Structure formats: C-alpha cells, structure tokens
Amino acid sequence: MSLRHTERELNRLGIKSIAKIIAEARQELKAKHGMEDIALPELGKNGSKKLKEAVSYVSVLLPEYQTGPHTPELITSLWKAIWMDSGRKIDAEIQVPLVDRTEEEIKELEEQGRMMIYVPRGIATQDTRHLLGRIFPKMQGNSVKEQNPVANEGIESGWFDIESSLNSPNLKTTEEDLRELFKSQGKQGQTLNQYIIGSQFLKLTTGHYFDEDTYSRLLGSRCGGRVVHASFNRDGRLGVNWVLGPSGRDDRWGGRSSGVKKS
C-alpha cells in the first residue's frame, strides 16, 4: 500500500475530493523531496475495506461543503462519506449514486432555502427506521425502534430537496393548507425517515437539529391513521407525536416538504 495506491483506491470508491488532497500531497512530496511515492502500512488483501474503516471521510469533506460552492460532485462525495461512516455502525455498505441535479439547479434550490439529502432504500421505510436509531442513538424513542408504529406514504428513498431551515417552515398551517401548498410546489410531505436524515445533516453542517423550538407536521408519515409531527431537543432526542388534529394551527407549528427531480 502506498500513497499512489491509496489515491487510486479513493478514486475507485468515488471519494474524489480526498483523492485530490492525496494527489496534491504527492506533488508536494516530489517537489520538495524528489520522492515519487511513499509506502504505507500494509492493509492486507482486505485493504479496500480496511481503508474505508480507517478514516472518517466526512471530517475531510465537511469544511469544503461548509465553504462551498456546492457542486454535484461535492454533494455526492459528502453523502457517500456520510453513509460510508454510518454504514459501519449497522454493518452495511450503502451505495450512493451521483446526485440528480445540476450545479445550477442546486444553486436555485439553495436560494429557495432548500438542500439536498440522500435517503438509501435500505433505511427509508417504517421497517428499517430502527437502523437510523442505531446510527443516531441519541434520538431514542419508540418511533426509531423495531416494530415502531409510524408508517410512511409516498416516495421514500432517493435524492430529495428539502427545507434547510432550523425552525419549521410554513407556520400556522393546517394539514389541508400544507397539502394544497405542497401540491402547488410539486412537493410531497416529508416522511419521518427523511426528516431524521435531514435533521442529522443539519446538525452535522450547522450544529443544530431541526425544530429545536418549533414542530413540523410530516404529511408523509402517519400513526394510527393520523399525520405525525416531530421536533428535536438540543441534546439530540427526537420527539414524535400525533396529537394535533388536522385543522389545528399554531404559531410554532409548521410543516416540511420533500421534492424529487422533475422529469
């Protein structure tokens, strides 16, 4: 194993931002010391797997994301890193395809206060939500345990654009208000799985969870036939309930949406 081999392996895995850093380090090594390459500790025949387990790629890519610009390649690499790191906690290898928006589309979405998230098929449903509970154990609660009572509706997995606001958007709305609004926007109500992943991404990038002082209706998830609402405590605990009736509205109650690529 060498720096050159590591660079090639990272490119093969799709972690091109880190591969670029290593390439620049090799160029500097050659310029200053005349060395083409250096050997690294041997990782054996399972070197690729061990290489992925040896580094938190998120920590390398996060500063680049926080300073922008948000290119499709950067967003894809960061979400690959997120699910690579998260997959270790549940002993799963999670594949992430290239984000399905152009740089111009991403910029337009961000100007609208939205951000991209990736929800893997294997963690998108009611039956697999407990895996999110294992990845993010601070959440606790019955809704992220096996055989939980919260069911999802609509499109559950893939790339989504969602609101990036800390506080709930669309305050003082009823369920019908939200349905009409989202329909006019070509969006659907978020599922609880999307909400969790989006909130954890916000925590990663800003230090805050969704709805630390507000509540969000999630039209894409129900319990006992009723739409659920959710919020996060600052300590990472997830709150999910369904006590607000369809016509209820409040200054601190809003609703969150998710959008998919328009064909």
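Reading guide: rules and limits
Residues numbered from 1 in each chain as written. Predicted model: local features only at pLDDT ≥ 70, side-chain atom pairs only at ≥ 80, totals over all residues. Heavy atoms only, no water. Helix = DSSP H or I, 4+ residues; strand = E, 2+ residues; numbered from the N terminus. Buried < 20%, exposed > 50% of the residue type's maximum accessible area, 1.4 Å probe, protein only. Contact = heavy atoms within 4.5 Å. Axes fitted to C-alpha atoms, helices over the stretch in contact; angles between N-to-C directions. Parallel < 35°, antiparallel > 145°, perpendicular 65-115°, else oblique. Nonpolar A, V, L, I, M, F, W, Y, C, P; charged D, E, K, R; others polar. Pairing = 2+ DSSP bridges.

With respect to the helices and strands, the residue T174 is situated in the loop between β3 (158-163) and α8 (175-185). On the basis of relative accessibility, which here comes to 8%, the residue T174 falls in the buried class. Excluding anything up to four places from it in sequence, T174 contacts R217, P246, S247, G248 and R249.

One can describe the packing of helix α5 (residues 72-89) onto helix α9 (residues 192-206) by two numbers: an axis separation of 13 Å at closest approach and a directional angle of 105 degrees. Here α5 is positioned roughly perpendicular relative to α9, judged by the angle of their axes. Packed against α5, whose contacting residues are L78, W79, I82 and W83, the element α9 presents I197, F201 and L204 at the interface. Its residues placed into classes, the contact of α5 with α9 shows seven nonpolar, no polar and no charged.

Read from one edge to the other, the open sheet built from four strands follows the order β1-β3-β9-β4, with strand pairing classed as antiparallel. For this open sheet the edge positions go to β1 (114-119) and β4 (188-189), each flanked by a neighbour on one side alone. Pairing geometry for β3 and strand β9 (residues 257-259), over two bridges, is antiparallel. Bridged to I162 within β9 is S258. With respect to the sheet, α5 is in contact with β1 and β3, its orientation differing from that of β1 by roughly 45 degrees.

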